[in-house]
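# Geometric and topological summary
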Amino acid sequence: MAWALKLPLADEVIESGLVQDFDASLSGIGQELGAGAYSMSDVLALPIFKQEESTLPPDNENKILPFQYVLCAATSPAVKLHDETLTYLNQGQSYEIRMLDNRKMGELPELNGKLVKSIFRVVFHDRRLQYTEHQQLEGWRWNRPGDRILDIDIPMSVGIIDPRANPTQLNTVEFLWDPSKRTSVFIQVHCISTEFTMRKHGGEKGVPFRVQIDTFKENENGEYTEHLHSASCQIKVFKPKGADRKQKTDREKMEKRTPQEKEKYQPSYETTILTECSPWPEITYVNNVSSPGFSSSHSSFSISEGNGSPNHQPEPPAPVTDNLLPTSTPQEAQQWLHRNRFSTFSRLFTNFSGADLLKLTREDVIQICGPADGIRLFNALKGRMVRPRLTIYVCQESQQLRDQQEHEDGDAANSTFFVYHAIYLEELTAVELTEKLAQLFSISSQQISQIYKQGPTGIHVLISDEMIQNFQDESCFVLDTMKAETNDSYHIILK
């Protein structure tokens, strides 16, 4: 009987505990956006909670986030609450990214009055594509010769200094800016998400990209290598006006959902806040340190990049002097990989000597590096040359030789020994021929005024791209030079 009397007391204690737990659970309703609704690591991982910076204390009081980057494009409403935001962009359209100084009073005083450098990249979001990024970008370059993945719309941008786009890095741009001044950069993304989708039957979803910004300050040597801050956001790129249609479709789908279902999704914000992330791998920064060189030699890139081919130097002597030898040490093999644009795979071949690499079969290399780079690496290892599109042979006609031909009989002239030089043309343009002839004469291409071909009855026909494209392969020409009338340049006549 005593045991029976204690039972209601136990129930009362349990019931009291349940009431307290229930009251505690209700205390969070209506405060989802407050600092205590979730763990801070989860909250800070969600860009939507950064829309109101003033209500969020930092995760680490000692951690300084000096900058904030805002992409002026709406986020998708069809993203679940705890997932990363997704923003739709139109191909080739200019989108503003605001570069905001987020420092508090007295923080990072060494940046006062100083410039910082920011590097923008468009990279793959999916890890599977990140592993094959080099092959994917090389394939895109081949299909879209002369195009870039990422560009800066300079006329619309404000506050950027010395913007640069390295011709060898299609998905990267960089510039300097002053954090104390208003800075907005307008970017254009020229690739679309479906270009990197495995096409089977059409209608496949496009792959997501990431826009990543890495910012650096100057070191003691005046180089921008000291990392300050990195942030990124997830995007998808559609054909022109496709992003607007996709945003409208997502909004209409959300309107059809019940209120309970809508609570599981983020609202659509007018702008996208880039969230903090790890900096891009250090090896890329090293390449960008030397970037001042590519702006001054832009003209040299404009020719070699025109056809989008990975082989920019079709002349046979160049690769022969850089063949990998069986006696090469692992360190020398690493240097050879970097010189021949295989730095992506340098870690895979860290302990490989020259002999180890040369023993690899074609199938081995393709399995390790993938089809595109595997074939390229195998050909480089075996010293295989790419046949140029057009080969011509030229011989320089000297004044002495012309005098001999005028005064001596035919037998003496025919006994003269002629030395011809091979010229390999890949782009079949008059500009390319001018540069090749300038190299042959050891002069600047600016010193060659015009190139003519001697036609019927001795007429001089101006060389054009179309004429070069109709040259017969392995044609032979005798070069005659003639001083230009107006300046110190020369005319060259192909006979």
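Quick summary incoming for the structure in this document. (Residues numbered from 1 in each chain as written. Predicted model: local features only at pLDDT ≥ 70, side-chain atom pairs only at ≥ 80, totals over all residues. Heavy atoms only, no water.)

### Some thoughts on the state of the cysteines
Summed over the entire model, instances satisfying the criterion amount to zero disulfides. The thiol sulfur of Cys-233 is not disulfide-bonded, and the nearest other cysteine sulfur, from Cys-277, lies at 9.8 Å. Judged by its relative accessible area of 1%, Cys-233 falls in the buried class. (Disulfide = S-S within 2.5 Å. Buried < 20%, exposed > 50% of the residue type's maximum accessible area, 1.4 Å probe, protein only.)

### Comments concerning the environment of Lys-382
Turning to its location among the elements, Lys-382 is positioned in the loop between helix H14 (371-381) and strand E13 (390-396). According to the relative accessible area criterion, Lys-382 is partly exposed, its value standing at 38%. Once you skip the residues sitting within four places of it in the chain, Lys-382 turns out to touch Leu-358 and Leu-360. (Helix = DSSP H or I, 4+ residues; strand = E, 2+ residues; numbered from the N terminus. Contact = heavy atoms within 4.5 Å.)

### Comments concerning the packing of helix H13 (residues 362-369) against H14
Interhelical geometry of H13 versus H14 gives an angle of 140° and a closest axis separation of 7 Å. Comparing their axes, H14 and H13 come out oblique. Both H13 and H14 take part in a crossing whose hand is right-handed. Here Arg-362, Val-365, Ile-366 and Cys-369 of H13 come into contact with H14, specifically with Pro-371, Asp-373, Gly-374, Ile-375, Leu-377 and Phe-378. Looking at side-chain class alone, the contact of H13 with H14 contains seven nonpolar, one polar and two charged residues. (Axes fitted to C-alpha atoms, helices over the stretch in contact; angles between N-to-C directions. Parallel < 35°, antiparallel > 145°, perpendicular 65-115°, else oblique. Left-handed = near helix turned anticlockwise from the far one by under 90°. Nonpolar A, V, L, I, M, F, W, Y, C, P; charged D, E, K, R; others polar.)

### Looking at the side chain of Gln-188
Position of Gln-188 among the secondary structure elements: in strand E8 (residues 183-189). Within the local environment of Gln-188, its side chain forms a polar contact with the side chain of Ser-94, the two groups lying 2.9 Å apart. If sequence neighbours within four positions are ignored, Gln-188 has contacts with Gly-92, Gln-93, Ser-94, Ile-149, Leu-150, Asp-151 and Asp-153. (Polar contact = N/O pair within 3.5 Å; in protein donor to acceptor, adjacent residues only side chain to side chain.)

### Some details on unusual backbone geometry
Here the phi dihedral of Lys-241 falls at roughly 70°; this positive angle occurs in a residue that is not glycine. As for its position among the elements, Lys-241 is in the loop between strand E10 (224-238) and helix H5 (242-255).

### Topic: the sheet that holds strand E5 (residues 150-152)
Consider a sheet: its strands pair through backbone hydrogen bonds, and that pairing is either parallel or antiparallel. Read from one edge to the other, the open sheet built from five strands follows the order E5-E8-E3-E1-E11, with strand pairing classed as antiparallel. Strands with a single pairing partner mark the edges of an open sheet, and in this sheet they are E5 and strand E11 (272-273). Pairing of strand E1 (residues 67-71) with E11, which is carried by two bridges, proceeds in the antiparallel orientation. By the bridge assignment for E11, Leu-71 is matched with Thr-272. (Pairing = 2+ DSSP bridges.)

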